[in-house]
Amino acid sequence: MSAGSTRQAVDTAGLASMFREFIDDDYVVSKTESKRPFECDGLPVYKEMPRLVVMPGSTEQVRKVMRLCHEHRIPVVVRGAGTGLSGGALPHPDGVLLSLTRLSRIIEVDPHARLARVQPGVRNIEISEASDAHGLFYAPDPSSQIACSIGGNVAENAGGVHCLKYGLTVHNVLQMTIVTVTGEIMTVGNEGLDSAGPDLMALLIGSEGMLGVVTEITVKLLPKPSHCQVVLASFDAVEPAGDAVSAVIANGIIPAGFEMMDQNAVRAAEDYAHAGYDTDAAAILLCELDGTADEVQSGVDKVAGVFEQFGATSVRVSQDEAERQLFWKGRKSAFPAIGRISPDYYCMDGTIPRRMLSRVLRGISDLSSEFGLPVANVFHAGDGNMHPLILFDESKPGELEKTEAFGARILELCVEVGGCITGEHGVGVEKMRQMLVQFDADELAQLNAIKDACDPHGLLNPGKGVPTLKRCQEYRSL
Amino acid sequence: MSALTRIQDQVRDAASKSEALRIVGGDSKRGLGREPVGNPVNVSDLAGVVEYQPTELMITVRAGTTISHLRDVLAEKGQMLASESPDYGSKATIGGALACNQSGPSRPWYGSIRDHVLGVRLVNGKAEHLRFGGQVMKNVAGYDVSRFQAGAMGTFGILTEVSIKVLPRPEASLTVRQEMDADQAIRAMNDIGMKPRPLTGACWYQGAMFLRLSGPKSVIETSAAALGGKRVDNDAEFWSGLREQTLPFFDGNQDLWRLSVRPNSPHVLSRGDWLIDWGGAQRWLAGEHDRDELDAIAAKSGGEVSHIRGGDRKSDLLPSLVGIKRELLIRMKQAFDPAGVFNPGRLYSWL
């Protein structure tokens, strides 16, 4: 059941004219130059040209596109804002790239029930902006929130820096409208909190566009905390910083955000954002507390106390909103900052149990010497999600391959210590091989059985997410 | 022979004969769902803590571990099962709580048991022992098979191990009570929900709204003063009665319906016997009612209704499913349990 098994051959021009019967000409893109912006997502080391880019303007049009593609057995890759970091929206050369950016309407905000109903092309931050006047916000805030779409967030189960306290996308979605591979419409979840029966919504969230197409999403909104402060601490070694993270949690504190950066990341970020970070520190911690004024004050005191107890060389508490923003500015611009000091960088996304941090950082540092490539580490310390950034130069022959091999070793290390290969970026095309490290053959067969149940002909985002049995055999024989 | 090997043998045997298996943990939820059929396969001896890492906010337990044992283990380290899943007289197990997706009064603020599950191990219909998810909070490798089990009532496999996120216990809790009718309570609970308050419970019962606040003592005292109302003594008893369904409202054998709706949807059937929980999102209705009428009400309220107790337990009790969704669940059943051995018909007559 490969994607290539075409029922009846249909040429690209014929297919385009079928789409143009119900979608404006402008939104059925066939010219190479116009398709160019869609050839990759946020992981540009993978590029591919789709046969057509189709941009439907309604759920009904999505349904018709899916029906046609299903009828002609044409692969469909769904794309949101294209900010994904695992090649999940890489086009299929024989397929249609289904762009949902035109579905960009906020349909309803009900502040009283604290929910918003939106189309998938709405950008993450727009939801919080639309609810701000009511003192509400949408909690998951991936770093790309200015650009990334909520539909893409659903596909990847996006997180952000506030996951520990506020959860991932899967914890903040109430209901979704799904168009199936056959072009049928179903609703999962409801406007209450729980629905009876198996949780199809949870199965669909994070499924990387492999099981269905989401065309409407109802998300939960939360009241904005009245107070928010950040504690910024420097450490002269990585180990005590890692231990301090665990100690804060052990003290019964759930920070709203809890981030760690190593020296390479700190220096690049400081140079770029001038956030006032201590560039001599081996690691810094950023710990954000939110809630009522009393809650925040008591949290800040406890956290600062723990940091001092673990030998922090300096501890600063943000005194106003401007300073809080400044403390965050360095962290939030860490990726572009690294981009300035290296021709290219490759961002990894493994998650580990927090207590393994020192061991994993040592392992990464050893690998860094072995491969001769520097690494800067940015770490969502609160939830164990690491983002080692491998610095390399794609123009040097063989360096990308070397980088990928290095990255694979980091992910294997994450699995070895009880973690996983991807915390929030998804498997995409990038981590297909590591799926064999994460899962055994029976487990992969079960995942493939789920895929077959939703998409028997393998038309939705083929070649991504879960390696087919055949691919597994190929990988193993290498 | 280990409990796990016995379970796998039993599944293999049942699958070869296409015989039904009825999954039993603490047997505390026998009355939930459609009438159980098949030979029992016992999970209760698959119990105990596998790994507990308080600083990771994570515990891994075997599926037959009772909720009450789990609570005790966590309490020793000042932590808790945040979903407040009922323990039904120390009988309920973590596997059963997840399979039935049962969460208590704190659900709107702390999340459901489905929200907190990080990973599971399960035996599928081919008697394979599989692991999905893991022990970390962020994990998007593969489909979310763990959360798919929430509410599935064992339809897709036998849970053998559950890893779950836990939270620190709040320093203190208190409850305030204000007399009002259901309409007013629904409005008030949603109004209060819009403000950042340390709420961990909001329900309306017997003509009064109950609000629970949890957190540092000084914080909840300040919040309580702002909310007004009368302090409730021994409030822990009230909330555990709500969680365990031992309040007088749940007494007797009359029919029980559960509506999951948009929290601010208007109060309906005002002569009915109602208990409104989860700040308005979960509404219990006692007594005989017309299913079609309730379905229509639930649909108008953005939600659905399930027949939790009473009526014909051989009929369909969950919201009816037709078309593609029904088809999809049937195919999913095939994907996990091709011989159809696990809890056949427990959720739906056709599944």
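Cut-off values and rules
- Residues numbered from 1 in each chain as written.
- Chains lettered and ligands numbered in written order.
- Predicted model: local features only at pLDDT ≥ 70, side-chain atom pairs only at ≥ 80, totals over all residues.
- Helix = DSSP H or I, 4+ residues; strand = E, 2+ residues; numbered from the N terminus.
- Rg over C-alpha atoms; globule rule 2.2 N^0.38 Å.
- Buried ≥ 20, exposed ≤ 12 C-beta atoms within 10 Å, placed from the backbone.
- Contact = placed C-beta atoms within 7 Å.
- Nonpolar A, V, L, I, M, F, W, Y, C, P; charged D, E, K, R; others polar.
- Pairing = 2+ DSSP bridges.
- Axes fitted to C-alpha atoms, helices over the stretch in contact; angles between N-to-C directions.
- Expected span 1.5 Å × (residues − 1).
- Core = buried A, V, L, I, M, F, W, Y, C linked by C-beta atoms within 7 Å.
- Domains from an automatic or database assignment.
- Arc of directions from axis to C-beta.
- Left-handed = near helix turned anticlockwise from the far one by under 90°.
- Parallel < 35°, antiparallel > 145°, perpendicular 65-115°, else oblique.
- pLDDT = per-residue confidence, 0-100.

Engineer: Is there a simple way to explain the overall build of chain A in this structure?
Structural biologist: The number of helices and strands found in chain A is 17 helices and 18 strands. For chain A, whose C-alpha radius of gyration is 23 Å, the value lies close to the compact-globule estimate of 23 Å for 478 residues. Dimensions of chain A, computed from the C-alpha atoms along their principal axes, are close to 70 × 55 × 45 Å. Looking at chain A residue by residue over its 478 residues, the buried ones come to 59%. When contacts within chain A are restricted to residue pairs at least 6 apart in sequence, those whose partners lie at least 24 apart make up 71%.

Engineer: Even after reading the chapter, I still don't get the overall build of chain B, so can you show me in this structure?
Structural biologist: Summing up its helical and strand segments, chain B has 11 helices and 17 strands in all. For 351 residues, the compact-globule estimate of 2.2 N^0.38 gives 20 Å, and the C-alpha radius of gyration of chain B, at 21 Å, lies within 12% of that figure. In terms of its C-alpha atoms, chain B occupies a principal-axis envelope of roughly 65 × 50 × 35 Å. Within the span of chain B, comprising 351 residues, buried residues form 56% of the whole. Contacts spanning at least 24 positions in sequence make up 67% of the contacts within chain B whose residues lie at least 6 apart.

Engineer: Quick question: what am I supposed to make of the interface of chain A and chain B here?
Structural biologist: By a widespread convention, an interface's size corresponds to the accessible area lost as its parts come together. Listed per partner, the contact involves 77 residues of chain A and 70 residues of chain B. Of all the secondary structure elements, the ones that give two or more residues to the side of chain A that touches chain B are helix H6 (163-166), helix H7 (200-204), helix H8 (238-250), helix H10 (293-309), helix H15 (435-438) and helix H16 (441-454) of chain A. If you tally residues by element for the side of chain A that touches chain B, the top one is H16(A), at nine residues. Of the residues in the side of chain A that touches chain B, the class split is 32 nonpolar, 29 polar and 16 charged.

Engineer: I would appreciate a short explanation of the sheet that holds strand S8 (residues 158-165) of chain B in the present structure.
Structural biologist: Strand pairing in a sheet relies on backbone hydrogen bonds, with the paired strands running either antiparallel or parallel. All names here are of chain B. The strand order across the open sheet formed by five strands is S3-S4-S8-S6-S7, and the pairing between neighbours is antiparallel. This sheet does not close on itself; its edge strands, each paired only once, are strand S3 (49-53) and strand S7 (129-133). The sheet shows a mean angle of 10 degrees between the axes of neighbouring strands, direction not considered. Taken together, the six bridges between strand S6 (residues 117-123) and S8 define a ladder with antiparallel strand orientation. The partner of Arg121 across the bridge, within S8, is Glu161.

Engineer: What is the right way to read helix H3 (residues 59-71) of chain A from this model?
Structural biologist: An α-helical segment advances 3.6 residues per turn. Residues three or four places apart therefore align on the same side. Residues and elements named next belong to chain A. With 13 residues, H3 should cover 18 Å at 1.5 Å per step; its first-to-last C-alpha distance of 18 Å lies within 8% of that length. If you check which residues of H3 are buried, you get Gln61, Val62, Val65, Met66, Leu68, Cys69 and His70. Those residues of H3 hidden inside the fold are in contact with helix H1 (12-20), strand S2 (52-54), strand S3 (76-79), strand S4 (96-99), strand S8 (173-179) and strand S10 (213-220). Positive phi shows up at Arg73, right after H3, with a value of about 55 degrees.

Engineer: Where do I start with the nonpolar core in this structure?
Structural biologist: Across soluble globular proteins, you tend to see nonpolar side chains buried next to one another. One finds Val54(A), Val76(A), Leu98(A), Val219(A), Ala269(A), Ile284(A) and Leu285(A) to be the most contacted residues of the largest nonpolar core, which totals 214 residues. Those residues within four positions of Ala269(A) in sequence are excluded, and the remaining contacts are Met261(A), Ala275(A), Tyr277(A), Gly330(A), Arg331(A), Ser333(A), Ala334(A) and Ala337(A). In terms of nonpolar packing, the next biggest core, distinct from the first, is built from 38 residues, Val176(B), Trp274(B), Ile276(B) and Leu294(B) among them.

Engineer: Help me understand the domain arrangement of chain A, please; the structure alone is not making it clear to me.
Structural biologist: What the domain assignment lists for chain A is domain 1 (12-99), domain 2 (106-223), domain 3 (227-335), domain 4 (344-416) and domain 5 (435-477). One C-alpha centre belongs to domain 4 of chain A, the other to domain 5 of chain A; they are set 25 Å apart.

Engineer: Can you help me understand the pairing of S7(B) in this one?
Structural biologist: Each regular strand shows side chains that alternate between the opposite faces of the sheet. Residues and elements named next belong to chain B. Within S7, four of the five residues are buried, which leaves the element mostly enclosed by the surrounding structure. Sheet analysis places S6 next to S7, joined by five bridges and oriented antiparallel. When the sheet's bridge partners are listed, Arg121 is paired in S7 with Arg131.

Engineer: I'm lost on unusual backbone geometry in this one. Help?
Structural biologist: Residues apart from glycine generally show negative phi values, whereas peptide bonds are mostly found in trans. Residue and element names in this part refer to chain B. The backbone phi angle of Asn101 is positive, close to 45 degrees, even though this residue is not glycine. Mapped onto the secondary structure, Asn101 falls in the loop between helix H3 (94-99) and helix H4 (107-110). In this model, Ala127 sits at a positive phi of 65 degrees, which is unusual for a non-glycine residue.

Engineer: Explanation requested: the sheet that holds strand S6 (residues 115-118) of chain A in the structure shown.
Structural biologist: All names here are of chain A. Read across the open sheet, the five strands follow the order S5-S6-S10-S8-S9; overall the sheet is antiparallel. Two strands in the sheet have a free side with no partner beyond their single neighbour: strand S5 (106-110) and strand S9 (185-189). In this sheet, neighbouring strand axes are inclined to one another by 15 degrees on average, regardless of whether the strands run parallel or antiparallel. Relative to S6, S5 is paired through four bridges, and the arrangement is antiparallel. Paired with Ile106 across the strands is Val118, a residue of S6.

Engineer: Looking at this structure, I do not really get H10(A). What am I missing?
Structural biologist: Relative to the 24 Å expected for 17 residues at 1.5 Å per residue, H10(A) spans 24 Å between its end C-alpha atoms, a close match to the ideal helical length. Along H10(A), the residues classified as buried are Glu295(A), Val296(A), Gly299(A), Val300(A), Val303(A), Val306(A) and Phe307(A). Down the axis of H10(A), the buried side of the element spans an arc of 135 degrees, and every buried residue falls inside it. Structural note: H10(A) exposes Ala293(A) and Gln309(A) on the side pointing more than 90 degrees away from its buried face. Contacts made by the buried residues of H10(A) are with strand S12 (227-235), H8, strand S14 (283-291) and strand S15 (314-317) of chain A together with strand S12 (208-215) and helix H8 (217-227) of chain B. Phi for Gly311(A), located one or two positions after H10(A), is positive at around 85 degrees.

Engineer: In this structure, what is going on with the packing of H8(A) against H10(A)? I would like to understand it.
Structural biologist: To describe two helices that pack against each other, one gives the angle between their axes and the distance between the axes. Residue and element names in this part refer to chain A. Two elements in contact, H8 and H10, have axes separated by 9 Å at closest approach and are oriented at 145 degrees. When you trace H8 past H10, the crossing you get is right-handed. Two secondary-structure elements touch here, H8 through Ala244, Ala247 and Val248 and H10 through Val303, Val306 and Phe307. Looking at the contact of H8 with H10, its residues break down into six nonpolar, no polar and no charged.

Engineer: It is not clear to me how the domain arrangement of chain B should be interpreted in this structure. Could you clarify?
Structural biologist: Residues and elements named next belong to chain B. By the assigned domains, chain B splits into domain 1 (3-168 + 328-336) and domain 2 (172-252 + 254-309). At the interface, 11 residues of domain 1 touch 14 residues of domain 2. The residue makeup of the side of domain 1 that touches domain 2, split by class, is six nonpolar, three polar and two charged.

Engineer: Is there a simple way to explain the pairing of strand S4 (residues 58-62) of chain B in this structure?
Structural biologist: Residues and elements named next belong to chain B. For S4, the tally of buried residues reaches five of five residues, placing the bulk of the element in the interior. Burial of S4 is two-sided: the residues Met58, Thr60 and Arg62 facing one way and the residues Ile59 and Val61 facing the other way are all buried. Here four bridges tie S3 to S4, and the two strands are oriented antiparallel to one another. If you follow Val49 over to S4, its bridge partner there is Val61. Hairpin connection between S3 and S4: a loop of four residues separates the two successive antiparallel strands, and Leu57 in this loop has a positive phi of roughly 55 degrees.

Engineer: Can you walk me through the environment of Val41(B) in this structure?
Structural biologist: All names here are of chain B. With respect to the helices, strands and loops of the structure, Val41 is situated in strand S2 (residues 39-42). Sequence-wise, Val41 and Gln8 are 33 residues apart; in three dimensions their C-alpha atoms are separated by 9.9 Å. Not counting residues within four places of it along the chain, the set of residues in contact with Val41 comprises Ile7, Gln10, Leu21, Arg22, Ile23, Val24 and Ile158.

Engineer: What's the story with the packing of helix H9 (residues 263-273) of chain A against helix H12 (residues 334-341) of chain A in this structure? I'm lost.
Structural biologist: Residue and element names in this part refer to chain A. Across the interface, H9 lies against H12 with an axial gap of 8 Å and an inter-helix angle of 95 degrees. When the interaxial angle is binned, H9 and H12 end up roughly perpendicular. Residues Ala265, Ala268, Ala269, Asp271, Tyr272 and Ala273 of H9 form the contact with H12, whose own contacting residues are Ala334, Pro336, Ala337, Ile338, Arg340 and Ile341.

Engineer: Hey, could you run me through the confidence of the model for chain B in this one?
Structural biologist: Note: predicted coordinates in regions of low pLDDT should not be interpreted at a detailed level. Averaged over every residue, the pLDDT of chain B is 97; the share at 70 or more is 100%. Taken together, the chains of this predicted complex give a pTM of 0.97 and an interface ipTM of 0.97.

Engineer: How should the confidence of the model for chain A be read in this particular structure?
Structural biologist: For chain A, per-residue confidence averages 95 on the pLDDT scale, and 98% of positions sit at 70 or higher. For the stretch residues 1-6 of chain A, pLDDT sits under 50, and the model shows 13 contacts to residues farther than four places along the chain or on other chains.

Engineer: What am I meant to see in the environment of Ser234(A) here?
Structural biologist: Residue and element names in this part refer to chain A. On the secondary structure map, Ser234 appears in strand S12. For the pair Ser234 and Ala312, spaced 78 residues apart in sequence, the C-alpha to C-alpha distance is 5.5 Å. Setting aside residues up to four positions removed in sequence, Ser234 forms contacts with Asp278, Ala281, Ile284, Ala312, Thr313 and Ser314.

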